[in-house]
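# Remarks on the overall topology
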Amino acid sequence: MGDCGAFAYVHESVPPFSIEEVLDFYEDGDFDFVLSVDHVIPGYYRKEGTRRKKNQPLSTWRERQRLTLQLAETFLRKHRERGLRSIPLGVAQGWDPASYADAVRSLQRMGYDFIALGGLASLSTEDILACVEAVNDVRASTTRLHLLGVSRPAYIDQFARWGVVSFDSTMPLRQAFMDDKHNYHTPWGAYLAIRIPQVLANSEIKKRIQYGLLSFAMARRLEQRSLSMLRNYDAGKAALEATLEAIRAYEQAFNGKDQTDSYQRLLEDKPWRACSCSLCQSIGIDIVIFRGRERNKRRGFHNMYVLMQTLEQQGTESANSLTYYKPIA
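Report follows, based on the coordinates. The structure displayed is predicted, hence computed values, not measured ones.

Once that is clear, we can look at the overall build of the protein. From N to C terminus, the protein includes 13 helices and 9 strands. Each principal axis of the C-alpha distribution contributes one length, and for the protein these read about 65 × 45 × 45 Å. Expressed as a percentage of contacts within the protein between residues at least 6 apart in sequence, the contacts between residues at least 24 apart total 66%. Accessible surface computed for the protein: about 16600 Å², of which carbon and sulfur atoms make up 49%. Averaging the positions of the 43 positive and the 39 negative side-chain charges in the protein gives two centres separated by 5 Å.

Written out as structure tokens, the structure is:
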């Protein structure tokens, strides 16, 4: 599936490339599914009438929706003129449930039977559900929906009843290293990864050393002791309390925090031992250590594995309807 990456140009007045350029890119890339050129609406009206963001007036949002629909119409026409084998998706942008429904009505009139709902990634689950439900009210029985940037496994059954057949999201990957609470995912919940930053690569530690708040020798010693205690604990050679104390000493030295309550739950449960993914099986406790870029990305791949497992284990007819569509021969 190919799209235009609209969030990359959200601050520009119009998309920075033409429909012809986008179609050329899709054709060269041999994509199976292709999304029309769109322009993200950077805000949302809640039921109470308040906006999530106030940097733009409603008139600007209306203009972005109008432009997105105009581009979608031209995109579909040119896609047909070229006789491309890919399946076109019209992108619907909105700022509340009613505006998303209006956009879907327009796209269906143009001839789209596969529609992607954009701009939902930053919304709350409540707002996402409200928008998809409103869209379903105007959705033709033959229209399929794709959710851009949305991953809500708990609502798969409901989404499927509303015509959603696919979705995409980088959230499980990003949460591995960009979240303050939910770094390591499991089927029963998420854990905070244990912060053991690299002394030679962490900017905050370097500042503390530079300002004389922490010596390099002490930081290095605390870092290595934390790693050693964690690995010994996993091997059954270190006690939990001693391991937590080593972690606490290092974390307080580099950021003054004490998150050992969260770490204790993780270390007591040892979820990496119950995981069948190749990463947990090969690197063990290191998968839950928040440290270097590559290690953190591996935890992100583990999170994606857990998401896939969750979907596969739904075992319901509606969950099974969320499938990949075969490209047109």
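From this point on, the discussion continues.
Moving on, we come to helix H1 (residues 19-29). Among all positions of H1, only Ile19, Val22, Leu23 and Tyr26 are buried. Angular distribution of buried residues about the axis of H1 spans 95°; they occupy a single face of the element. Of the surrounding secondary structure, the elements contacted by the buried residues of H1 are strand S1 (33-35) and helix H2 (58-82).

As summarised here, the arrangement of the 5 strands in space is S1-S2-S3-S4-S5, forming an open sheet in which the pairing is parallel. Of all strands in the sheet, those bounded by a partner on one side alone are S1 and strand S5 (164-168). Adjacent strand axes in the sheet meet at a mean angle of 30° when their direction is disregarded. Examined bridge by bridge, strand S2 (residues 87-92) and strand S3 (residues 114-117) share 3 bridges and lie parallel to one another. Across the sheet, Gly90 pairs through a bridge with Ile115, a residue of S3. Relative to S2, H2 is tilted by about 170°, and along the sheet it contacts S1 and S2.

Let us look at the packing of helix H8 (residues 216-234) against helix H9 (residues 240-254). Where H8 meets H9, the closest approach of the two axes is 9 Å, and the angle between their N-to-C directions is 150°. Taken together, H8 and H9 sit at an angle that is classed as roughly antiparallel. Helix-helix and strand crossings are classified by hand; for H8 and H9 the assignment is left-handed. Packed against H8, whose contacting residues are Ala219, Leu222, Glu223, Arg225, Ser226, Met229, Leu230 and Tyr233, the element H9 presents Leu240, Ala242, Thr243, Ala246, Ile247, Ala249, Tyr250 and Ala253 at the interface. Its residues placed into classes, the contact of H8 with H9 shows 12 nonpolar, 2 polar and 2 charged.

Before going further, it helps to examine H2. The end-to-end C-alpha distance of H2 is 36 Å, a good match for the 36 Å that 25 residues give at a rise of 1.5 Å each. Among the residues making up H2, those that are buried are Trp61, Arg64, Gln65, Leu67, Thr68, Leu69, Leu71, Ala72, Phe75, Leu76 and His79. On the buried face of H2, the contacting elements are H1, S1, S2 and helix H3 (97-110). Following H2 by one or two positions, Gly83 adopts a phi angle in the positive range, close to 65°.

For a regular strand, side chains alternate in direction, first toward one face of the sheet and then toward the other. Counting buried positions over the 6 residues of S2 gives 6, a clear majority of the element. Every second residue of S2 is oriented toward a common face, with Ile87, Leu89 and Val91 on one face and Pro88, Gly90 and Ala92 on the other, all of them buried. Bridge count for S1 against S2 is 3 bridges, and the pairing is parallel. What sits directly across from Leu35, in S2, is Leu89.

Quick look at the pattern of salt bridges now. Counting across every chain of the model gives 16 salt bridges. The shortest N-O distance in the salt bridge between Glu81 and Arg77 comes to 3.3 Å. With Glu81 and Arg77 both in helix H2, this residue pair falls 4 residues apart, about one helical turn. Glu81 gets classed as exposed once you look at its relative accessible area, which sits at 58%. Taking relative accessible area as the criterion, Arg77 reaches 41% and is therefore assigned partly exposed. Between Asp286 and Arg295 there is a salt bridge, with its nearest N and O atoms 2.4 Å apart. Taken as a pair, Asp286 and Arg295 share a single burial class, namely buried. It is possible to trace a salt-bridge network through shared partners that takes in Asp24, Glu27 and Arg82.

Thresholds applied
Residues numbered from 1 in each chain as written. Predicted model: local features only at pLDDT ≥ 70, side-chain atom pairs only at ≥ 80, totals over all residues. Heavy atoms only, no water. Helix = DSSP H or I, 4+ residues; strand = E, 2+ residues; numbered from the N terminus. Contact = heavy atoms within 4.5 Å. Areas by Shrake-Rupley, 256 points an atom, 1.4 Å probe, with all protein chains shown as cover. Lys, Arg positive; Asp, Glu negative; His and termini not counted. Charge placed at Lys NZ, Arg CZ, Asp CG, Glu CD. Buried < 20%, exposed > 50% of the residue type's maximum accessible area, 1.4 Å probe, protein only. Arc of directions from axis to C-beta. Pairing = 2+ DSSP bridges. Axes fitted to C-alpha atoms, helices over the stretch in contact; angles between N-to-C directions. Parallel < 35°, antiparallel > 145°, perpendicular 65-115°, else oblique. Left-handed = near helix turned anticlockwise from the far one by under 90°. Nonpolar A, V, L, I, M, F, W, Y, C, P; charged D, E, K, R; others polar. Expected span 1.5 Å × (residues − 1). Salt bridge = Lys/Arg side-chain N within 4 Å of Asp/Glu carboxyl O.

Coordinates in, geometry out; function isn't part of it.
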